[in-house]
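# Structural features, examined
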Amino acid sequence: MNKRIQRSICPYDCPASCGLLVETDGQRVVRVQGDPESPATRGLICNKMQHYEASVHAPERILTPMRRTGRKGEGKFEPVSWEEATAEIADRWKKILAEDGGSGLLPVYFSGVMSIIQRRCVEALFNRMNGSQLVKTLCSTAKSTAYESVAGKTGCLDPRELEDSDLLLVWGSQVKATRIHTMPVLKRLREAGKRVILIEACGVSMAAYCDETILVRPGSDGALALAMMHVLEREHLSDETFLRQRAIGYEVFRKTLEKYTPQWAHQVTGVPAEKIEALAREFGAAGAPAILLGSGPSRYGNGGMTTRLILILSAFTGAWGKAGGGYCGSNPVGRPFVDENRVIRPDFRTREGQSININLLGQALECREPGKVIRGIYVAGGNPVNSVADQTGILRGLAREDLFTVVHERFLTDTARYADIVLPAAFSVEQSDVSSAYGYCTFGHMRKVLDPPGQCRSNWNTVCTLAKAMGYEEDFFRQTEEELVEDLLAHPQEGLSGLTGEDWKRLREGGVVPVAYGDHGDFRTPSGKFQIVDDSLDVPVPCYQEPYGGTEPLRLVMVPDLHTLNSIFLERKDLVARRGPARLMMHPGDAAARGIKDGEPVTASNDLAQVEFVAALTDLVAPGTVAVSGVYSQDTTGTRLQANALHHGRLSDLGAATTMNDNAVEVFRSRSDGSCLV
C-alpha cells in the first residue's frame, strides 16, 4: 500500500483554519490528524475533523449530477451526465437573462467552505452574467461593522496573546465549540490564579471551565457594559489619560453614563446590582484585563450597538496596548493577505443587479414584484433551508414551480431536496486553495490531496464548466485551481509583507504560516484614535438600545454545538447520535410554570411557526430564556421545520446582519400527535 502524508487545512467556519496532516493510500483518505507544526493550532483539532475521512467517504455522498423526478422537496432524482445537466442549466439561465437582464438570477452561498477561491469564485460567474448580488451578512457582520466603527483596521488580540491577560471575560463566546484552541489558554490562566468569568445567556457548555458565570437576559449585554463603565467612572477606575489622549468622544460619552446605574442595569439584564458592582471593580483593578467576545451578542436588533459598548469597555481601563490587555474576537490582522478581486472579478460586471440580503432570502423568493422576481438560484457552499431565518418563507419560495434551482452539494441536504438539478461537489482534500484564518494571525495554502471520486467537481471547476456552457470565453475561466492559487500568491497584499523566505517556501509547498500580531496600540482609524463617538453613524454617541424581542414571554437563542458545525457533519451518524435529539434548554423555573418536565416533548411557538423539541432543564440558562444547540435537519428530527422557522427575517442596527438570537417564543407540552397542550 502506497501511503503518504500531505499537509492540508480545515475548510470550515472556525476562527482557526486548523492545519491538518492527511494520510492517504493513493485512493482514499486513511487518517486525518492535526499538524503539530501549524503555528496557531499546534496539532489540536476538534472531534468533528478527527475522522474527516468518514465524511469524505460517506456512503450517502452524491457522486453524479442528478435531475429532479418528484415534487419539489420530495427528494426524488435520477442520475444524468454533466453534459445533460449543464446544457439544461445554460438553457434555463440564458432564457432568464434574455427576459430579465440578470436580475432574475441569484447566487446563494455562505460558509460551507471558507477558503478563498472555492468560497468566492461563484461571484465571478454571476458578475459575468450581471446577476443579482447576495449581501452575505448571515454570521457576524454587525460585530465586524461595529468593530470597524470603533477600532478601524486595528488588529485585535490573537487568542494566543491572552496568555498575558490577568483577568479574562469570556463574553457570549461558546469557546469549547467554536474556539477549541483557546481552551488550553483558559486552563493555564486559571492554573496561574487568574480569573476567567463567563457572561452568557446560556452557559451550559462553558460554565465548568470558568471561575464564575453571570447569566444575562438575551440582548441586554450592552446594558451590563454601560453599568460597568458607570461604576468605573464613579470610582475613578477608568484610565482618563488614555481616554482623553488616545480616544475620541470620551468627554461626551462619560456624561451619559450617570443614568446607567447598576440598579437600572439589574432591571434590564437580570444581573443583581451588587454583582455588577463587584464585576466592574474587579475589571477596573486588573492590570491587563481582556474581553473575549463571541458573535452571539451581535445577533440582535441592537447587536452593533452592543458590540460598540463592549469594545469601549475593553479600553476603558487603558488595557489596549498592554500585553494581554484589551479585546479578542474580531480580525486580529486587519490587513488583506491576497487580492480577492482576482477571484471575484467585479470588473466582469457591466451593470448592477439587485442586491438581496441573505437574511431576507425567504422574502426575496416569495416576492412577485415586477423586476424583482427571482427565477433561478444557484446554491453552493450553503444550506439556507436549515441555516437562514424564516425557514417557512424559504420553503414556500423553493417550492415555486417557476423557480429553477441548482444546488452544488455533497449530500442531499434539506435545500438540495428542492433542487431541479443537483451537481456533485468536492471536499477540501480534493481541491486546491488558499486560506486565511479570521481569528488568528496565520495564512495557508492547501494543495489537492486526491482526485474527487465519481463525477464530483470543486466549486471552481464547476464554475468553469458552467461558464463554458454559457459560452463565456474569458481566459479567467480556463485556469486551473493551481494556476489561480499561484496568481494570488504572486500578488501578495499587506498582510503577507512580513513573510520570510522560509515562510514563502513553506507556503508554496502547502501548509500554514504565521504572520505578525497586530499593534493594538496603533489605532488604524481615520482619526488615528479609538473612536468612542463616531459621527458617521446614525447614533454617534453610544447608548443602550432595546433588541426586537417579541410578544411571547421567552427569548430564544441559538448556540453552537460541539458535534456539528452549522448544518455540516449531519452525514456523520456517530456525531449526530452523540448530540442526540433537538433539545430546548429551559430554566427550571420557566419549565415549572408551564408544567414541563425534563425530557418531555415540547412545542416552541410564535407568530411564524411551531417547532418540536425535547425539554432539557438547566439552571445555566438565564430565566426567561430558551436555547437550542446546533442546527438540525429533516433527516435528524423527522420533522420538516427546524429552529430557524422561529426566526424573523429582521436585520441588525449595523451591518444589515442576522438577528437569529432576537426572537421570542412560548413553549407548551406536546401531545403524542405533535400538537400543543395549551
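This text follows the structure it describes.
In this report, the structure presented in the accompanying data block is examined. These figures come from a predicted structure and were not determined experimentally. The residue numbering used here restarts from 1 in each chain and proceeds along that chain's sequence as written. With the structure being a predicted model, the display of local features is reserved for residues of pLDDT at least 70 and the display and counting of side-chain atom pairs for 80 or more, all residues being used for whole-chain, interface and lining totals. Based on all heavy atoms of the structure, the side-chain values leave hydrogens and waters out of the count.

One can find Arg572 in the loop between β22 (554–559) and α20 (573–579). Exposure classes here rest on a 1.4 Å probe applied to the protein chains alone. A residue is buried below 20% of its type maximum, exposed above 50%, and partly exposed in between. Among the residues examined, Arg572 registers a relative accessible area of 2% and is labelled buried. Only heavy atoms enter the contact rule, under which two residues are in contact if any of them lie within 4.5 Å. Once you skip the residues sitting within four places of it in the chain, Arg572 turns out to touch Asn47, Lys48, His51, Tyr52, Ala54 and Ser55. Under the scheme used here, helices are H or I runs from DSSP no shorter than 4 residues and strands are E runs no shorter than 2 residues, and both carry numbers assigned from the N terminus.

Mapped onto the secondary structure, Asp390 falls in the loop between α15 (384–387) and α16 (391–398). When its relative accessible area of 13% is taken as the criterion, Asp390 is described as buried. Along the sequence, Asp390 and Ala645 sit 255 residues apart, while their C-alpha atoms lie 5.2 Å from each other. Ignoring any residue separated from it by four or fewer positions in sequence, one finds Asp390 in contact with Gly362, Gln363, Asn644, His647 and Gly649.

Any carboxyl oxygen of Asp or Glu within 4 Å of a side-chain nitrogen of Lys or Arg constitutes a salt bridge here. Tallying each qualifying case throughout the model produces 54 salt bridges. Residue Glu23 pairs with Arg31 through a salt bridge whose shortest N-O separation is 3.4 Å. With a relative accessible area of 11%, Glu23 lands in the buried category. Asp574 is the salt-bridge partner of Arg578, the closest N and O atoms lying 3.5 Å from each other. Placement of the pair is Arg578 and Asp574 together in helix α20, with a separation of four residues, close to one helical turn. Owing to a relative accessible area of 49%, Arg578 belongs among the partly exposed residues under this scheme.

What follows is about helix α3 (residues 116–128). Its 13 residues place the ends of α3 19 Å apart at the C-alpha level, agreeing with the 18 Å of an ideal helix rising 1.5 Å per residue. In terms of burial, α3 is largely enclosed, as 11 of its 13 residues are buried. Residues of α3 that are buried: Ile116, Ile117, Gln118, Arg119, Cys121, Val122, Glu123, Ala124, Leu125, Phe126 and Asn127. Asn130 sits one or two residues past α3 and shows a positive phi near 55 degrees. By this rule, a helix spans an expected 1.5 Å times one less than how many residues it contains.

Any two rings among Phe, Tyr and Trp, with Trp reduced to its six-membered ring, count as a pair given centres within 6.5 Å; such a pair is stacked if its planes are under 30 degrees apart, edge-to-face if over 60, and tilted if neither. Applying the stated criterion across every chain yields a total of 21 aromatic pairs. Between Trp320 and Phe523 the ring centres are 5.8 Å apart and the planes differ by 45 degrees, which places this aromatic pair in the tilted class. Taken as a pair, Trp320 in the loop between α12 (303–315) and β13 (326–328) and Phe523 in the loop between β20 (511–514) and β21 (530–531) lie far apart in primary sequence, 203 residues in all. Across the pair, exposure class does not vary: Trp320 and Phe523 are buried alike. Each ring, one from Phe337 and one from Phe443, has its centre 5.0 Å from the other, and the planes form 35 degrees; the classification is tilted. Taken as a pair, Phe337 in the loop between β13 and α13 (341–344) and Phe443 in strand β19 (residues 442–446) lie far apart in primary sequence, 106 residues in all. Look at Phe337 and you get buried, because its relative accessible area is 8%. Residue classification places Phe443 among the buried positions, given a relative accessible area of 0%. Ring-pair connections join several aromatic residues into one group, and the members of that group are Tyr12, Tyr52, Phe411, Phe427 and Phe569. Geometrically, a lysine NZ or arginine CZ counts as sitting over a ring once it is within 6 Å of the ring centre and also within 35 degrees of the ring normal. Over the aromatic face of Phe110 sits the side chain of Arg119, whose NZ or CZ is 5.2 Å from the ring centroid. The positively charged end of Arg345 is found above the aromatic ring belonging to Phe476, 5.1 Å away from the centroid.

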